[in-house]
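Structure at a glance
Listed below are the residues making up each chain.
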Amino acid sequence: MQRFHHAMADEHQRRRELTRDLQSAVGTGQFELFYQPIISLWRSELSGFEALIRWRHPQRGLVSPVQFIPLAEESRLILPLGEWILRRACGQAVEWKFEQRGLSMSVNVSALQFEQRDFVQSVQMALERSGLPGHCLTLELTESMVLRDIGLAGRHIRQLKESGVRFALDDFGAGYSSLSVLQSLPLDHLKMDRSFLQACRRPDSKRPRLVLETLVSMAQRLGLTVIAEGVETAEQGELLRHFGCDSAQGYFFGRPQPADEASSWMFTAAG
Ligand code: C2E
Ligand code: CA
Ligand code: CA
Ligand code: CA
């Protein structure tokens, strides 16, 4: 019991320190975006990148977004950080000539950011300042986020769609999915959580495979493009192609990598 209390106190202390360090990290160049390729399965070509944030902590080294994004939300630091992420990702997409190449940059949006009254304006501002056309930007939202206020979510999505921005429902199938979001929101892409592929690996994977195949066809009938996350082997890629899945993302195709590596990867991939 005592050990448990110590562990709790340590965890509390660690979170406090990280939050304090986050405050000073915003605006000091400790953040960096990594980019992971998204591959169109039927053409076997690049369709875009997902921007994933990294924090190079001066003492702790690379800190995972899984650790610091929740702290950044609690402290509201996600607001300035989120704007930086949007600007940086849009700027990179312009530099990499996404419009000419027909590529899209996917950016993760946090709940607090998405709920802001000026969210739509801040995205439009990032587009205007960078010169990126809206159709080259995809915003990734999660189900729990949009369910907090489905009316507001619908308004924000519709307003930004007028500028051509696309929307993906992230981590679909992780935890409880209600499908109600699919009924009511005009989304473009469904990102299947990697737990689906993991389940398909188990010895008795008949049912998981059936679930995956059915979800792919359901999503497509709703006019959504399906992106599978967490593809780690050629076999998984084949399975997805067999199921008619549109796109895929995962270590098998490419890991999240710093901008310079992603750019040389893109140029070699383009031949
Ligand atoms: P996510 O949006 O679901 O991002 C996908 C995560 O899966 C990334 O972890 C990525 O590195 C990892 N991944 C990609 N391919 C594979 C694979 O084949 N196998 C496995 N096991 N993992 C794979 P990462 O970069 O650590 O990000 C974790 C989460 O942090 C993200 O999950 C997202 O929710 C959040 N996040 C990351 N960047 C941002 C950001 O810029 N803004 C916000 N608001 N959240 C972010
Ligand atoms: Ca994502
Ligand atoms: Ca995801
Ligand atoms: Ca996630």
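An unreviewed UniProt entry annotates the protein as Bifunctional diguanylate cyclase/phosphodiesterase of Deinococcus lacus.

Glancing now at the overall build of the protein. Along its length, the protein carries 13 helices and ten strands. A globule of 271 residues ought to have a C-alpha radius of gyration of about 18 Å, and the protein, at 19 Å, matches this closely. For the protein, the proportion of contacts with a sequence separation of at least 24, taken over those separated by at least 6, is 68%. Counting every atom, the protein has about 14300 Å² of accessible surface; 51% of that belongs to carbon and sulfur. Separation between the mean location of the 31 positive side-chain charges and that of the 32 negative ones in the protein comes to 2 Å.

To continue, consider the packing of aromatic side chains. Counted under the stated rule, the structure contains ten aromatic pairs. One aromatic cluster in this structure is built from Tyr-35, Phe-49, Trp-96, Phe-98 and Trp-265. Against the face of Trp-42 rests Arg-43, its NZ or CZ located 5.2 Å from the ring centre. Cation over ring: Arg-255 sits above Tyr-251, and NZ or CZ is 3.9 Å from the ring centre.

Overall, the prediction assigns the protein a mean pLDDT of 93, with 99% of residues at 70 or greater. Interface scoring of the predicted complex returns ipTM 0.97; its pTM is 0.95.

All right, on to the site of ligand 1 then. Close to ligand 1 lie 22 residues, the nearest being Gln-36, Arg-54, Asp-170, Glu-232 and Tyr-251. Taking Arg-54, its side chain carries an N or O atom lying 2.8 Å from an oxygen atom of ligand 1. Protein coverage of the free-state accessible area of ligand 1, which is 810 Å², stands at 82%. Placement of ligand 1 is best described as lying within the largest pocket. Those elements giving two or more residues to the shell around ligand 1 turn out to be strand E2 (45-57), helix H2 (65-74) and strand E6 (166-172).

The next point concerns the layout of surface pockets. Roughly 1200 Å³ of volume is contained in the largest pocket. As for the largest pocket, its lining consists of 41 residues, of which Glu-50, Leu-52, Asn-108, Asp-170 and Asp-171 are closest to the centre. Classifying every residue of the lining of the largest pocket by side-chain character gives 19 nonpolar, ten polar and twelve charged. In this structure, the second largest pocket spans a volume of roughly 410 Å³. Surrounding the second largest pocket, 23 residues form its lining, Ser-47, Gly-102, Ser-104, Arg-166 and His-189 being those nearest its centre. Of all elements in the fold, only strand E1 (31-40), E2, strand E4 (104-108) and strand E8 (225-228) reach the threshold of two or more residues within the lining of the second largest pocket. When residues of the lining of the second largest pocket are assigned to their parent elements, the largest contribution, five residues, is made by E2.

Right, let's talk about the coordination of the calcium ion (ligand 3) for a bit. Protein coordination at the calcium ion (ligand 3): the donors are Asp-170 (OD), Asp-171 (OD), Glu-229 (OE) and Glu-229 (OE), at 2.2 to 2.5 Å from the metal. For the calcium ion (ligand 3), the single-chain donor residues occur in sequence as D-D-x57-E. A gap of 4.0 Å separates the calcium ion (ligand 3) and the calcium ion (ligand 2), which Asp-170 links by coordinating each metal.

Further remarks concern helix H6 (residues 119-130). Every α-helix carries 3.6 residues per turn, so stepping three or four residues along brings you back to the same face. Helix length check: H6 (twelve residues) gives 17 Å between terminal C-alpha atoms against 16 Å at 1.5 Å per residue, within 8%. For H6, the complete set of buried residues consists of Phe-119, Val-120, Ser-122, Val-123, Ala-126, Leu-127 and Ser-130. Packed against the buried residues of H6 are helix H3 (78-95), helix H5 (111-115), strand E5 (137-142) and helix H8 (150-161). Two residues or fewer past H6, Gly-131 is found with a positive phi of approximately 85°.

Along the polypeptide, Ser-122 turns up in helix H6. Ser-122 sits in the buried class, given a relative accessible area of 17%.

Glancing now at helix H12 (residues 234-242). Taken together, the buried positions of H12 are occupied by Gln-236, Gly-237, Leu-239 and Leu-240. Angular distribution of buried residues about the axis of H12 spans 160°; they occupy a single face of the element. Projecting away from the buried face of H12 at angles above 90 degrees are the exposed residues Glu-235 and His-242. Looking at the buried side of H12, the elements it contacts are helix H10 (195-199), helix H11 (206-221), E8 and strand E9 (247-248).

Conventions and cut-offs
Residues numbered from 1 in each chain as written. Chains lettered and ligands numbered in written order. Predicted model: local features only at pLDDT ≥ 70, side-chain atom pairs only at ≥ 80, totals over all residues. Heavy atoms only, no water. Helix = DSSP H or I, 4+ residues; strand = E, 2+ residues; numbered from the N terminus. Rg over C-alpha atoms; globule rule 2.2 N^0.38 Å. Contact = heavy atoms within 4.5 Å. Areas by Shrake-Rupley, 256 points an atom, 1.4 Å probe, with all protein chains shown as cover. Lys, Arg positive; Asp, Glu negative; His and termini not counted. Charge placed at Lys NZ, Arg CZ, Asp CG, Glu CD. Phe/Tyr/Trp six-rings, centres within 6.5 Å; stacked < 30°, edge-to-face > 60°. Lys NZ or Arg CZ within 6 Å of the ring centre and 35° of its normal. pLDDT = per-residue confidence, 0-100. Near = heavy atom within 4 Å. Polar contact = N/O pair within 3.5 Å; in protein donor to acceptor, adjacent residues only side chain to side chain. 1 Å grid on protein atoms, 1.4 Å probe; cavity = no way out; pocket = protein on both sides within 12 Å on 5 of 7 lines; lining within 4 Å. Sits in = over half its atoms within 2 Å of the grid points. Points joined across faces, edges and corners; volume = space filled by probe spheres on them. Nonpolar A, V, L, I, M, F, W, Y, C, P; charged D, E, K, R; others polar. Donors = N, O, S within 2.8 Å, 3.2 Å for Na, K, Ca; no water. Expected span 1.5 Å × (residues − 1). Buried < 20%, exposed > 50% of the residue type's maximum accessible area, 1.4 Å probe, protein only. Arc of directions from axis to C-beta.

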